[in-house]
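For reference, the chains in residue letters:
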Amino acid sequence: MLDLLNYDFMRNALLAATAISIFSPLLGVFLVLRRQSLMSDTLSHVSLAGVAFGILLSWDPTITTLIVVVLAAIFLEYLRTIYKDYMEIATAILMSAGLAIALLILNSSKGATNVSLEQYLFGSLITISVTQVIMLFVMAMLVLIGFSLFLRPLYVMTFDEDTAYVDGLPVRWISIAFNIVTGIAIALMIPAAGALLVSAIMVLPASIAMRLGKSFKSVLTLSVIISFIGLNTGLIASYYMDAPASAAITLILILLFLLTSGIKSLARR
């Protein structure tokens, strides 16, 4: 089994999976609790427009993706404040717009670039570079620092925004900052996880942890552990099965979710 560590691309992939397993489930827990699970899916689709703009302008797609996703994250917070009862419609429209723009631009650029939309739709952990691994670990460090400093305000704001307002917390700015951090995290995860599957990698470990944890901090801890197990197990399985890593990871996380739900249901009887 250790033979896979002889390859640089597998070592980079395992490191990238470890970094992602640190920050993505932490953000995912708050997305689920805030009923914004669809936001991760929306931003991942919008990121494709960022990739397309990078191709159109001959810029690094990572830079344009970060810009577009951050702007979309801020816009989503604006939509959340004015369309509280119709947020799903607003995010669905933004998601569709992002994908449509990406398809139009990439179609018009056909032949002028060797970039394929498929590589961003599905991602590839095994093609992750050392630079991307470093960026993912920097993201993990920033998220951990942010959570250690702002965990209580985030907790209060998530469960009771009215109380947060009364306590004098800058709810709007905290929410915008959280959306921006989530957008940046998604933009960095796209090359590894792919736009279609990044949402599952963020939300599923959080959902499983919420079924098992008995306190808020235990849910956060369990989500990281579950994400680490799911991502690395899926990556190793994909290596030996010669299958797409992101697909294998997603299926393993889904199996863990179904297994957890089944055990919890049997325990109640």
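Residues numbered from 1 in each chain as written. Predicted model: local features only at pLDDT ≥ 70, side-chain atom pairs only at ≥ 80, totals over all residues. Heavy atoms only, no water.

Some points on the overall build of the protein chain
Now for step 1: Within the protein chain, the secondary structure is distributed over 11 helices and 0 strands.
Now for step 2: Shown N-terminal to C-terminal, the secondary structure of the protein chain runs as helices and strands in the order α-α-α-α-α-α-α-α-α-α-α.
Now for step 3: Seen through its principal axes, the protein chain has C-alpha atoms that stretch 55 × 45 × 35 Å.
Now for step 4: Across the 269 residues of the protein chain, 50% fall into the buried class.
Now for step 5: Nonlocal contacts in the protein chain, meaning residues at least 24 apart in sequence, comprise 76% of its contacts between residues at least 6 apart.
Now for step 6: With an accessible surface of roughly 13400 Å², the protein chain has 68% of that area assigned to carbon and sulfur atoms.
Now for step 7: Each charge sign in the protein chain was given a centre, from 14 positive and 13 negative side chains, and these centres are 10 Å apart. (Helix = DSSP H or I, 4+ residues; strand = E, 2+ residues; numbered from the N terminus. Buried < 20%, exposed > 50% of the residue type's maximum accessible area, 1.4 Å probe, protein only. Contact = heavy atoms within 4.5 Å. Areas by Shrake-Rupley, 256 points an atom, 1.4 Å probe, with all protein chains shown as cover. Lys, Arg positive; Asp, Glu negative; His and termini not counted. Charge placed at Lys NZ, Arg CZ, Asp CG, Glu CD.)

As for the side chain of Thr260
Now for step 1: Note on placement: Thr260 falls in helix H11 (residues 245–268).
Now for step 2: With sequence-adjacent residues up to four places away left out, Thr260 is seen in contact with Ile208, Arg211 and Leu212.

Here's the deal with the nonpolar core
Now for step 1: Core analysis: the biggest nonpolar cluster contains 79 residues, and Ile20, Phe23, Leu43, Leu125 and Leu235 have the highest contact counts within it.
Now for step 2: The element contributing the most residues to this core is helix H1 (residues 8–33), with 14 residues.
Now for step 3: Setting aside anything within four residues of it in sequence, one finds Leu235 in contact with Met10, Ala13, Leu14, Ala17, Leu125, Ala245 and Ile249. (Core = buried A, V, L, I, M, F, W, Y, C linked by side-chain atoms within 4.5 Å.)

Quick look at the confidence of the model for the protein chain
Regions with low pLDDT carry predicted coordinates that are not meant to be interpreted in detail.
Now for step 1: Scored by pLDDT, the protein chain comes out at a mean of 82, with 93% of its residues at no less than 70.
Now for step 2: Ranking the elements of the protein chain by mean pLDDT puts helix H5 (residues 117–122) last, at 69, and helix H10 (residues 216–241) first, at 90. (pLDDT = per-residue confidence, 0-100.)

A closer look at the packing of helix H3 (residues 61–82) against helix H8 (residues 171–193)
Now for step 1: Their axes nearest at 8 Å, the elements H3 and H8 cross at an angle of 145 degrees. At the point where H3 passes H8, the crossing takes the right-handed sense. Listed contacts from H8 to Thr65, Leu66, Val69, Val70, Ala73, Ile74, Glu77, Arg80 and Thr81 of H3 are Arg172, Ser175, Ile176, Asn179, Ile180, Gly183, Ile184 and Ala187.
Now for step 2: In terms of residue class, the contact of H3 with H8 is made up of 9 nonpolar, 5 polar and 3 charged. (Axes fitted to C-alpha atoms, helices over the stretch in contact; angles between N-to-C directions. Left-handed = near helix turned anticlockwise from the far one by under 90°. Nonpolar A, V, L, I, M, F, W, Y, C, P; charged D, E, K, R; others polar.)

Comments concerning the pattern of salt bridges
Now for step 1: Within the structure shown, the criterion is met by 1 salt bridge.
Now for step 2: A salt bridge links Arg11 to Asp8; the shortest N-O distance between them is 2.0 Å. Remark: Asp8 and Arg11 occur in helix H1; sequence separation between them is 3 residues, near one turn of the helix. (Salt bridge = Lys/Arg side-chain N within 4 Å of Asp/Glu carboxyl O.)

Regarding unusual backbone geometry
Now for step 1: Residues other than glycine seldom take positive phi values, yet Asp242 does so here, at roughly 55 degrees.
Now for step 2: Relative to the helices and strands, Asp242 resides in the loop between H10 and H11.

Describing H3
Now for step 1: Here H3 spans 31 Å end to end across 22 residues, near enough to the 32 Å set by a 1.5 Å rise per residue.
Now for step 2: Of the residues making up H3, those classed as buried are Pro61, Thr64, Thr65, Val68, Val69, Val70, Ala72, Ala73, Leu76, Glu77, Leu79 and Arg80. (Expected span 1.5 Å × (residues − 1).)

Re H1
Now for step 1: Helix length check: H1 (26 residues) gives 38 Å between terminal C-alpha atoms against 38 Å at 1.5 Å per residue, within 8%.
Now for step 2: When you tally the buried positions in H1, you get 19 out of 26 residues, the bulk of the element.
Now for step 3: Just downstream of H1, Arg35 is the residue with a positive phi angle, here 55 degrees.

Let's talk about the packing of aromatic side chains
Now for step 1: This structure, assessed with the given rule, holds 6 aromatic pairs.
Now for step 2: Site record: aromatic cluster; members linked through ring pairs are Phe30, Phe147, Tyr155, Phe178 and Phe216. (Phe/Tyr/Trp six-rings, centres within 6.5 Å; stacked < 30°, edge-to-face > 60°.)

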